[in-house]
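# Coordinates in review
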Amino acid sequence: MVSIVSHIGADNVSLPVLGTQGLWLAAPTLLIMYSMTTSSPSDAQATHFTTSQKIAMLLLLTANFTLAVDFSILNVALPHIGHDLGFTTASLQWIVTSFALCAAGFTLLFGRVADLFGRKKMFLIGISLLGGASLIGGLATTPAMLLGARVGQGLATAMVTPAALSLMTTMFPEGPARSKALGLNGALMAAGFTTGAVLGGVLTSTISWRWAFFINVVIAVCAVLTAPFVLREPPAAEHHPKLDVPGAATITLALIAFVLGIDAAGHIGWGSIRSWVPLVLAVVLCAVFFAIESRTAEPLVAPALLKRSNIALGNFSGLLAFATMTSLVFLLTLYLQEILHYSA
C-alpha cells in the first residue's frame, strides 16, 4: 500500500489510512478515480486483457477475495470453536481480534518491505504463510494453537494485501484496463466480507468449522504454483525507501494496548486502574508514533496527510462502521446460537 500511495501522490489520497478493512475497500475506488482522470486517448484502446493478464488478474482477485472472506468466515462458527477447543465465552473475541490486530498493525510496514524487496516476492511469502497458518488452524486442538494460526493469517493478510494491489497498478496499463481490474478487485473484496459470514455458517452446519481453514490451504497451493509464471513487476527503482520499523512497531503496540484496555474494562469495569493503564499507554504510543513519523524522512504515513479534513472524516467513518459491524456480528452470533439455540 505504501507503493500505491507513493504512486498516486499525496495530493490525490483520500482514504482511511489506518483502517485495514476500510483501506482495502477504499483503495481500489481511489485508484480507479485517479486512473480515469489521468488516462490519455491512447489508453482508451487498452480495454481488453491479454491471456496472461487475465490469469494474473484471476490470481490476484482470488487472493484478495480470500483475505476478505477470512475476516468474517469464523464469526458464525465461534460458539462451535469454543465448545470444541475449550474457549471461554469472554475469550472468543480473540479469535477475531488476533487476526485483525496483525492485519491492521503490519500492513503499512509490509507495504514498505514489498517496495524494497519486491512485490511478487512478498506476495508469494504472504500466500505461503496463509496456507501454512490455515493448515495449523484447521488441525488446531488447543486455543493457543488456533490463536497462533489466526496471528499467522493476519500477518499473511498484511503481506498480501499491499503487494497484490501494487502488482495490479504495475501490471495493468494506466487507464480503462487498470480501472477495470481495480473495480473488480474492490467489488470482490466488498463481497468477501458478506460471503465469509454465509460460507462460515454453511461449512459449520454441513461439514465442520475446520474447513474454513482448509479451503485456504487449497487456494494458497494453487496460488504459489501459478504466481511465479504469471505475475510481473517492473525493475526495482534505484532509490529504496527505508523501512521505518520504529513507526510500525509503535502503532502496532498502540493498537494492542487499546484492545487490552477495552478487554480489561469489560472484565473488571471502567473504575479499575487496570483498565485505564493500557488505554493511556495507547494514547501515549499514538503520540510517539506521530512524533516518529514527523521526524522520519520517509514515514509510513505522512502526518500532514492525516490532518486533512477528508481523511480525518474517512478514518472516523471507517472506525465507526467497523467497530459497530464487528461488535454487532459477534454479539448476535453468541445470542442467536447460545441463547436462542439457532443453528449456525
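Scroll up to find the structure.
Just so it is clear, the structure is predicted and the values come from calculations on it, not from any experiment.

It is worth spelling out the overall build of the chain at this point. When helices and strands are tallied, the chain shows 13 helices and 0 strands. Shown N-terminal to C-terminal, the secondary structure of the chain runs as helices and strands in the order α-α-α-α-α-α-α-α-α-α-α-α-α. In the chain, which comprises 344 residues, the proportion classed as buried is 49%. Considering only contacts in the chain between residues 6 or more positions apart, those separated by 24 or more positions represent 81%. Accessible surface for the chain amounts to roughly 15700 Å². Of this, 72% is attributable to carbon and sulfur atoms.

Let us look at the packing of aromatic side chains. One pass over the full model with this rule turns up 7 aromatic pairs. The interplanar angle of 90 degrees and the centroid separation of 5.8 Å between the aromatic rings of phenylalanine 71 and phenylalanine 193 together place this pair among those described as edge-to-face. Taken together, the positions of phenylalanine 71 in helix H3 (residues 51-72) and phenylalanine 193 in helix H8 (residues 176-206) put the pair 122 residues apart, joining distant regions of the chain. Of the residues examined, phenylalanine 71 reaches a relative accessible area of 5% and is grouped as buried. Look at phenylalanine 106 and phenylalanine 110: their rings are 6.0 Å apart centre to centre, the planes differ by 35 degrees, and that puts the pair in the tilted class. Of this pair, phenylalanine 106 and phenylalanine 110 both sit in helix H5 (residues 93-117), 4 residues apart, roughly one helical turn. For phenylalanine 106, a relative accessible area of 23% puts it in the partly exposed group. Overall, the relative accessible area of 14% leaves phenylalanine 110 in the buried class. Within the aromatic cluster, the residues linked to one another by ring pairs are Phe71, Phe99 and Phe193.

This part takes up the pattern of salt bridges. Close approach of charged atoms allows side chains with opposite charge to pair. Per the stated rule, a full pass over the model turns up 1 salt bridge. Among the ionic pairs, aspartate 115 bridges to arginine 119, the shortest N-O distance being 3.6 Å. The pair formed by aspartate 115 and arginine 119 is uniform in burial state, with each residue classed as buried.

Our next topic: the packing of helix H6 (residues 119-138) against helix H9 (residues 211-230). Interaxial distance between H6 and H9 falls to 8 Å at its minimum, and their mutual angle equals 155 degrees. Compared by their axis directions, H6 and H9 come out roughly antiparallel. You can see that H6 and H9 cross each other, and the crossing is left-handed. Note on element contacts: H9 touches H6 through Phe213, Phe214, Asn216, Val217, Ala220, Ala223, Val224, Ala227 and Pro228, opposite Lys120, Phe123, Leu124, Ile127, Ser128, Leu130, Gly131, Ser134, Leu135, Gly137 and Gly138. The class makeup of the residues in the contact of H6 with H9 is 13 nonpolar, 6 polar and 1 charged.

This paragraph deals with unusual backbone geometry. In this model, histidine 341 sits at a positive phi of 65 degrees, which is unusual for a non-glycine residue. Residue placement: histidine 341 occurs in the segment after helix H13 (309-339). Classification of histidine 341 as exposed rests on a relative accessible area of 65%.

Rules used throughout
Residues numbered from 1 in each chain as written. Predicted model: local features only at pLDDT ≥ 70, side-chain atom pairs only at ≥ 80, totals over all residues. Heavy atoms only, no water. Helix = DSSP H or I, 4+ residues; strand = E, 2+ residues; numbered from the N terminus. Buried < 20%, exposed > 50% of the residue type's maximum accessible area, 1.4 Å probe, protein only. Contact = heavy atoms within 4.5 Å. Areas by Shrake-Rupley, 256 points an atom, 1.4 Å probe, with all protein chains shown as cover. Phe/Tyr/Trp six-rings, centres within 6.5 Å; stacked < 30°, edge-to-face > 60°. Salt bridge = Lys/Arg side-chain N within 4 Å of Asp/Glu carboxyl O. Axes fitted to C-alpha atoms, helices over the stretch in contact; angles between N-to-C directions. Parallel < 35°, antiparallel > 145°, perpendicular 65-115°, else oblique. Left-handed = near helix turned anticlockwise from the far one by under 90°. Nonpolar A, V, L, I, M, F, W, Y, C, P; charged D, E, K, R; others polar.

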